[in-house]
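# Commentary on secondary and tertiary structure
Letter by letter, the chains look like this.
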Amino acid sequence: MKTRILPVSEASLAEAKELIAAGEVVAFHTETVYGLGADARNDAAVKKIFALKGRPADNPLIAHVHAGYDISALVEIPPYAYALQKAFLPGPLTMVYPSKGKVSPYVSCGLCTLSVRVPSSPAAQAFLRAVDVPIAAPSANRSKHVSPVTAQHVFDDFAGDIPLILDGGPSSGGIESTVLDCTGEYPQILRAGLVTREMIAAVVGQCGVYRMHAGEKPKSPGMAYKHYAPGCRTAFFAADDVSSARRCYGKEAGQGGAPYIMAEHAVCALLDGYERLDLGATPAEMAANLYKLLREGERKATLLIGIEPREKGGVMDGVRNRLLRAFGQSEDTHEA
Ligand code: AMP
Ligand code: MG
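Position numbers for residues count from 1 along each chain, tracking the sequence in the order it is written. For this description, chains carry letters from A and ligands carry numbers from 1, given in the order in which they are written. Local features in this predicted model are restricted to residues whose pLDDT is 70 or higher, and side-chain atom pairs enter the listing and the counts only when it is 80 or higher, whereas totals over whole chains, interfaces and linings include all residues. Excluded from the side-chain calculations are hydrogens and water; all other atoms, namely the structure's heavy atoms, are used.

## Things to note about unusual backbone geometry
To be explicit about the condition: Each helix is a run of H or I in the DSSP string that is no shorter than four residues. Each strand is a run of E no shorter than two, and both are numbered from the N terminus.
Going from Leu89 to Pro90, the amide bond is cis rather than trans, its omega being -5 degrees. Considering the arrangement of structural elements, one finds Pro90 in the loop between helix H3 (79-88) and strand E5 (93-98).

Now the structure itself:
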């Protein structure tokens, strides 16, 4: 199959609509990362997504809808969730609700909940309005690989396997949406993202953070899997251990390898003469640059050396979670 990358236009949207109606899979831009979408009501189309990604059959997908779509047709919405919808949608927040069973059971992998997201990117909105059905989609990467933030990244993983990538330019947010469980008395974060615990608590007064305990069935099944791994060797050093990172770099270079250091801007500034991948200075910059630089790193480096950013909390919860896991430093949760 030939994979085409097309900008969003009347013609490409009409084509996407036809492909989705025919049970095909189409990749599309969102403000977080690119998604791999299919008609959420079509069992065979949803199964295709799992097969293409090599995604474990117990890791559910997110139903994406346009801003005018009536979410209450799909799920039961608790009162506090309306306030969160009003505050953050459209945007990088996925909310998990009790499902009304209106989409394929394969979307939620048999769970009685359904996660719904309303992306804010104009390209995503145009696609979702054109098809006007809920689109089941995970991130458009092979399972365990780094998530895609450009159409080219999607092409690199799926060329020849999907018919169409709707190109909306680089994804500006850079890390996947916050996943928020809205099935309890108050919301609980299952996956950290750009909509932070602090922002959610400011709207509804209380927001928990789910921590998986050893031996327990994870509340968000995706958390049990490895993720974000670049295709080269990696090493990781604490924020206060730049000297060890320098030694590690020297050793790799001495053996004829191509080491690269990935670090926040202030640390990169100390490493004149080294090959560097500069994550940026602010949490938003680090989120936006992370996956792009991981993919660049795996292309160029034999050894990618990460240095932990100093800042914690807020958006850094999500950035640190992805970064640590990309470098094999186990935070307790894993995605696919
Ligand atoms: P991805 O779109 O690849 O970022 O993956 C979707 C994420 O949302 C995974 O971490 C899933 O485990 C999570 N997710 C999707 N649906 C549900 C659900 N019904 N309950 C809990 N987590 C979910
Ligand atoms: Mg993913």
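Let us keep going from here.
## Section: the sheet that holds E5
For the record, the criterion: Strand pairing is assigned whenever DSSP detects at least two bridges linking the two strands.
On the basis of which strands lie adjacent, the open sheet formed by 11 strands has the order E1-E8-E2-E3-E7-E4-E6-E5-E9-E10-E11 and mixed pairing. Two strands lie at the open edges of the sheet, namely strand E1 (4-7) and strand E11 (208-209), each paired on one side alone. The pairing of strand E2 (residues 26-28) with strand E8 (residues 164-167) spans three bridges and is parallel. Bridge pairing links Phe28 to Leu166 in E8.

## Some thoughts on the nonpolar core
So the rule is basically this: Only buried residues count toward a nonpolar core, which is a set of Ala, Val, Leu, Ile, Met, Phe, Trp, Tyr and Cys residues joined through side-chain atoms within 4.5 Å. Relative accessibility thresholds used throughout: buried, under 20% of the residue-type maximum; exposed, over 50%; partly exposed, between the two (1.4 Å probe, protein chains only).
Ranked by internal contacts, the top residues of the largest apolar core, which has 44 residues, are Leu36, Ile71, Tyr97, Ile162 and Ile200. Broken down by secondary-structure element, the contributors of at least two residues to this core are strand E3 (35-39), helix H2 (43-53), H3, E5, strand E6 (113-117) and helix H5 (151-158). Ranked by size, the runner-up nonpolar core spans 26 residues in total, among them Val146, Phe236, Met262 and Val315.

## Considerations on the pairing of E5
Across the six residues of E5, five count as buried, placing the element largely inside the fold. Bridge count between E5 and E6: five bridges; the pairing is antiparallel. For Thr94, the partnering residue across the bridge sits in E6 and is Arg117.

## Observations concerning the packing of aromatic side chains
The condition that has to hold: The aromatic pairing rule takes the rings of Phe, Tyr and Trp, using the six-membered ring of Trp, and pairs them if the centres are within 6.5 Å, calling planes under 30 degrees apart stacked, those over 60 edge-to-face and the rest tilted.
Scanning the entire structure with this criterion turns up four aromatic pairs. Pairing Phe236 with Phe327 gives two aromatic rings, centres 5.3 Å apart and planes at 40 degrees, and the pair type is tilted. Placement of the pair is Phe236 in strand E12 (residues 233-237) and Phe327 in the segment after helix H10 (315-326), with a sequence separation of 91 residues. You'll find Phe236 and Phe327 in the same group, each marked buried.

## Describing the state of the cysteines
As a reminder of what qualifies: When the sulfur atoms of two cysteines come within 2.5 Å, that pair is taken as a disulfide.
Under the criterion given, the structure shown has zero disulfides. In this structure Cys207 is not part of a disulfide, and its nearest cysteine sulfur, from Cys182, lies 8.8 Å away. Residue Cys207 is classed as buried on the basis of its relative accessible area, which comes to 6%. Cys232 takes part in no disulfide bond, and the closest cysteine sulfur, belonging to Cys248, lies 12 Å away.

## Observations concerning H5
For the record, the criterion: Arc definition: it is the arc formed by the directions from the helix axis to the C-beta atoms. Whether two residues are in contact is decided by their heavy atoms: any pair within 4.5 Å suffices.
Restricting attention to buried positions, one finds in H5 the residues Ala151, His153, Val154, Asp157 and Phe158. End-on, the buried residues of H5 take up no more than an arc of 160 degrees, which puts them together on one face. Structurally, H5 contributes buried residues whose contacts are with E1, E2, E3, H2, E8 and helix H9 (283-300). Looking one or two places after H5, you find Gly160, whose phi comes out positive at around 90 degrees.

## Structural notes on the pattern of salt bridges
Quick reminder of the rule: By definition, a salt bridge exists where a carboxyl oxygen of Asp or Glu is found within 4 Å of a side-chain nitrogen of Lys or Arg.
Evaluation of the coordinates by the stated rule reveals 12 salt bridges. Arg117 is the salt-bridge partner of Glu31, the closest N and O atoms lying 3.0 Å from each other. Of the two residues, Glu31 is situated in the loop between E2 and E3 and Arg117 in strand E6; the sequence distance between them amounts to 86 residues. Classification of Glu31 by relative accessible area gives buried; the value is 8%. For Arg295, the salt bridge goes to Asp157, with nearest N and O atoms at 3.3 Å. Residue Arg295 is located in helix H9, and its partner Asp157 is located in helix H5; the two are separated by 138 residues in the primary sequence. Taken individually, Arg295 and Asp157 each receive the classification buried, so the pair is uniform in this respect.

## Some details on H3
For H3, the set of buried residues is Tyr80, Ala81, Leu84, Gln85 and Phe88. For H3, the buried positions fall inside an angular range of 145 degrees around the axis, keeping them on one side. Projecting away from the buried face of H3 at angles above 90 degrees are the exposed residues Pro79 and Lys86. Tucked inside the fold, the buried residues of H3 contact E5, strand E9 (178-181) and helix H6 (197-204).

## Thoughts on the pairing of strand E13 (residues 259-263)
The buried count for E13 comes to five of five residues, which makes it a mostly enclosed element. Covered by surrounding structure in E13 are Pro259, Ile261 and Ala263 together with Tyr260 and Met262, the residues of both alternating faces. Strand direction decides the pairing type here: E13 and strand E15 (residues 303-307), joined by four bridges, are parallel. The residue of E15 that forms the bridge with Tyr260 is Leu304. Direction of pairing for E13 relative to strand E14 (residues 276-278): parallel, over a ladder of three bridges. Among the inter-strand pairings, Ile261 is bridged to a residue of E14, identified as Arg276.

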